[in-house]
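Now for the letters of each chain:
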Amino acid sequence: MGFEIVKRSVSIAGHRTSISLEEPFWEVLREIAEREKLSVQALIGRIDAERGEQNLSSAIRVFVLADVRNR
């Protein structure tokens with residue numbers, strides 16, 4: 001049950017960064033962004049601003065998991 005890691009580049013707070021996530025996380029992240037009427041990049045920016053010292057990819061996974069659990 002392996003999922004391919006997909007690396008995407010985004011701009012956050014004025015700088016480019018690459019984020020590596022499994023495709024199912026990208027899919028749900030897009031769904032959440034659409035539901036909240038945000039771009040995926042804006043949603044990632046919000047997650048980035050709230051993550052503290054946590055790795056960004058991990059913070060996104062935890063964010064997606066929390067959203068799925070709360071639905």
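Residue numbers here run from 1 along each chain, matching the order of that chain's written sequence. Where local features are concerned, this predicted model is filtered to residues with pLDDT of at least 70; where side-chain atom pairs are given and counted, the filter is 80 or more; whole-chain, interface and lining totals use all residues. Hydrogens and waters are ignored; side-chain quantities use all the structure's heavy atoms.

- As annotated in an unreviewed UniProt entry, the protein carries the name Ribbon-helix-helix domain-containing protein and is attributed to Microvirga aerilata.

## Considering helix α3 (residues 56-70)
- Its 15 residues give α3 an end-to-end C-alpha distance of 21 Å, which sits within 8% of 21 Å, the value for a rise of 1.5 Å per residue.
- Each residue's exposure class comes from its accessible area (1.4 Å probe, protein chains only) as a fraction of the maximum for that residue type: buried when under 20%, exposed when over 50%, partly exposed otherwise. Numbered from the N terminus, helices here are DSSP runs of H or I no shorter than four residues, and strands are runs of E no shorter than two. Residues of α3 that are buried: Leu56, Ser57, Ala59, Ile60, Val64 and Asp67. Buried positions in α3, seen along its axis, are confined to an arc of 160 degrees and lie on one side of it.
- Whether two residues are in contact is decided by their heavy atoms: any pair within 4.5 Å suffices. Turning to α3, the residues buried within the fold contact β1 (5-12), β2 (15-22), α1 (23-35) and α2 (40-50).
- Here a polar contact is recorded for every N or O atom pair within 3.5 Å, except that within protein the pair must consist of a potential hydrogen donor and a potential acceptor, and residues adjacent in sequence are included only if both atoms are side-chain atoms. Capping the start of α3 is the job of one residue whose side-chain oxygen sits 2.9 Å from the backbone nitrogen of Ser57: Asn55. Here the expected span of a helix is defined as 1.5 Å times the quantity of residues minus one. What the arc covers is the set of directions going from the helix axis to the C-beta atoms.

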